[in-house]
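Okay, here's what each chain looks like letter by letter:
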Amino acid sequence: EIAASVPQRGFFGHPKGLFTLFFTEFWERFSYYGMRAILVFYMYYEVKNGGLGLSEPLALSIMSIYGSLVYMSGIIGGWLADRVFGTSRAVFFGGVFIMLGHIALAIPGQLTMFFISMVLIVIGTGLLKPNVSTIVGDIYPEGDNRLDAGFSIFYMGINLGAFISPLIVGELMKKSFHLGFGVAAVGMFIGLVLFLITKKKNLGLAGTQVPNPLSSEEKKKWGIYIVVAAAVIGIALAVMIPRGWVTIEGMVALVGVLGILIPTIYFIVMYRSPKTTSAEQSRLLAYIPLFIAAVMFWAIQEQGSTILARFADKRTDLDAFGFHISPAWFQSLNPLFIITLAPVFAWLWVKLGDRQPSIPKKFSIGLLFAGLSFLVILLPGQLGGADALVNPLWLVLSYFLVVVGELCLSPVGLAATTRLAPAAFSAQTMSLWFLSNAAAQAINAQIVKLNTPETETLYFGTIGGLSIVLGIILFLVAPKLVR
Ligand SMILES: CCC[C@@](C)(CCO)SC[C@H](N)C(=O)NCC(=O)O
């Protein structure tokens, strides 16, 4: 048993390995959200002001594709971990790619360096993010009821990074974008060094196994697949790019289709695989409603940085408290609430022990709160009239509610994935979990244009109501899903 090789105490009552994984993920998210906080400005600022001079719509589309691709590439990262070099080495290689990607942005360069950086960070995040989450599951013995609490603490590391770095990098951007990107590169470097130094002592054997190694003939088969796939893509691009057929809209549509197609194919492949036992098959079926619930949840949560960001800018009375509030400050509410509430949930799950709600019930609570977070936003429009500016506290309440939902669903979803994944696909199933976010962002890319001042009540009411209905259905079928 892998967990037996890990010291089971030493980090707030949790296995010592959680210290290593907490800070590795902290620094990776520090670098990612710091870079993302200034990237859109870097893309559309004039070249004379240090930017790339792209148009705003193009910059925003690239941001949404980027956000989906870093989650989608987890499929490759998970496959490599399950079949070639295990999750621990995947985390290390991922960190190196991410660091190089931020260095590519730190060096003053033009569009080429930007795309090189994007490729490096997409590959690196796909290698690091799902696999570091999988290792968290490995350090707890089977049936250990500290698991959800452990993932809540891990999730706090993610949001500490997400909260701190935009503040630092956002300041440095005033001097130079490349300085901000340089800080992101240093952050990932610190995370890598810390992972390397402490993993032996704190993680033991966790992450060192290759669950389902490629046989020699499979190596040949996959070698041919990869060469053929690379050739086909290369030729397709060589034919399409000169004809101007490769457009951003086409990429957004392609990523959108993949966001739905890949998870569907994965469920079928895993369910029918001879390596999946019948017990694992039934757990896979139980995972499908949780996956759908996650897509619904992330569709609402991710609108916190798009639709609600615009609501903060256009529909909120930013001088309600006598001084001017920057609309950008609302983006820090989500990670700030998570940092303050994650320890409460970690304590609550441990205190409730075996009496804590089942995983499907936690998901249904998550959907209820996410739905409520959208319903409260339509209230002021009803009370004060469609054109009256809204008191900022309504927005604060909305972010608070969606964070309560996030803490019932997101860390719990990471934990559930480590327990519901078929052994031969453990890392790949974790990358599937992140695809629920990519699918949600792909759906959002199509529906957010329906949000206009006239449709405001209908928009928030329909989406919020749908989330609540799905939450109630999930609560009712929960007893059948618990294995
Ligand atoms: C800087 C704020 C970004 C933020 C709002 C992400 C966008 O949804 S905060 C991060 C978010 N609560 C989160 O933990 N996402 C999961 C993850 O990054 O693994």
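Thresholds applied
Residues numbered from 1 in each chain as written. Predicted model: local features only at pLDDT ≥ 70, side-chain atom pairs only at ≥ 80, totals over all residues. Heavy atoms only, no water. Near = heavy atom within 4 Å. Polar contact = N/O pair within 3.5 Å; in protein donor to acceptor, adjacent residues only side chain to side chain. Areas by Shrake-Rupley, 256 points an atom, 1.4 Å probe, with all protein chains shown as cover. Helix = DSSP H or I, 4+ residues; strand = E, 2+ residues; numbered from the N terminus. Patch = residues over 30% accessible without salt bridge, like charges linked within 9 Å, V, L, I, M, F, W, Y side chains within 5 Å. Salt bridge = Lys/Arg side-chain N within 4 Å of Asp/Glu carboxyl O. Buried < 20%, exposed > 50% of the residue type's maximum accessible area, 1.4 Å probe, protein only. Contact = heavy atoms within 4.5 Å. Core = buried A, V, L, I, M, F, W, Y, C linked by side-chain atoms within 4.5 Å. Phe/Tyr/Trp six-rings, centres within 6.5 Å; stacked < 30°, edge-to-face > 60°. Lys NZ or Arg CZ within 6 Å of the ring centre and 35° of its normal.

**What about the site of the ligand?**
Neighbouring the ligand are 15 residues; Tyr33, Lys129, Asn159, Asn334 and Glu406 lie closest to it. Here an oxygen atom of the ligand and a side-chain polar atom of Arg29 are 2.9 Å apart. Contact distances for the ligand include 2.8 Å between a nitrogen atom and a side-chain N or O atom of Asn334. Expressed as a share of its isolated accessible area of 490 Å², the protein-covered part of the ligand is 89%. At four residues, helix H5 (residues 147-172) tops the list of elements feeding residues into the shell around the ligand.

**So, a nonpolar patch on the surface**
Together, Val469, Ile472, Ile473, Phe475, Leu476 and Val477 line one region of the surface with nonpolar side chains, adding up to about 520 Å² of accessible area. With respect to the secondary-structure elements, Ile473 resides in helix H15 (residues 456-481).

**Let's talk about the pattern of salt bridges**
If you walk through the whole model with that rule in mind, you get ten salt bridges. Among the ionic pairs, Glu456 bridges to Arg315, the shortest N-O distance being 2.8 Å. Here Glu456 is found in helix H15, whereas its partner Arg315 is found in the loop between helix H10 (307-314) and helix H11 (333-352), with 141 residues between them in sequence. Among the ionic contacts, a cluster of salt bridges with common partners joins Arg83, Glu218 and Lys275.

**Section: the side chain of Asn334**
Its place among the elements puts Asn334 in helix H11. Residue class for Asn334 comes out buried when judged on its relative accessible area of 12%.

**Focus: the environment of Leu435**
When you line up the elements, Leu435 lands in helix H14 (residues 426-447). With 425 residues separating them in the primary sequence, Leu435 and Gly10 have C-alpha atoms 33 Å apart. Those residues in contact with Leu435, other than ones at most four positions away along the chain, are Tyr71, Met72, Ile75, Ile262, Pro263 and Phe291.

**Examining the nonpolar core**
Taken as a class, soluble globular proteins show a tendency for nonpolar side chains to be buried jointly. Of all hydrophobic cores here, the largest spans 101 residues; its most connected members are Phe154, Trp433 and Phe460. For Phe460, the contacting residues outside a window of four places in its chain are Ile307, Leu308, Phe311, Phe374, Leu375, Ile377, Leu378, Asn451 and Gly465. Listed in part, the 23 residues of the second largest apolar core include Met35, Tyr42, Met43 and Tyr66.

**Topic: the environment of Ser152**
By the element assignment, Ser152 lies in helix H5. For the pair Ser152 and Cys408, spaced 256 residues apart in sequence, the C-alpha separation works out to 9.2 Å. For Ser152, the contacting residues outside a window of four places in its chain are Ala342, Phe345, Ala346, Trp349 and Pro411.

**Considerations on the packing of aromatic side chains**
Any pair of aromatic rings gets described here by the distance separating the centres and the angle formed by the planes. All told, the structure shown has 32 aromatic pairs when counted by the stated rule. Where Tyr42 meets Phe181, the ring centres are 5.2 Å apart and the plane angle is 75°; that geometry is what we call edge-to-face. In this pair, Tyr42 is assigned in helix H1 (residues 17-44) and Phe181 in helix H6 (residues 177-203), connecting sequence segments 139 residues apart. No difference in accessibility class separates Tyr42 from Phe181, as the two residues are buried. The rings of Phe11, Phe12, Phe19, Phe22, Phe23, Phe26, Trp27 and Phe30 are connected pair by pair, giving a single aromatic cluster. The side chain of Arg243 reaches across the aromatic face of Trp245, ending 5.7 Å from its centre. We note Lys361 situated over the ring of Phe475; from NZ or CZ to the ring centre the distance is 5.2 Å.

That is the geometry; function is a separate question.
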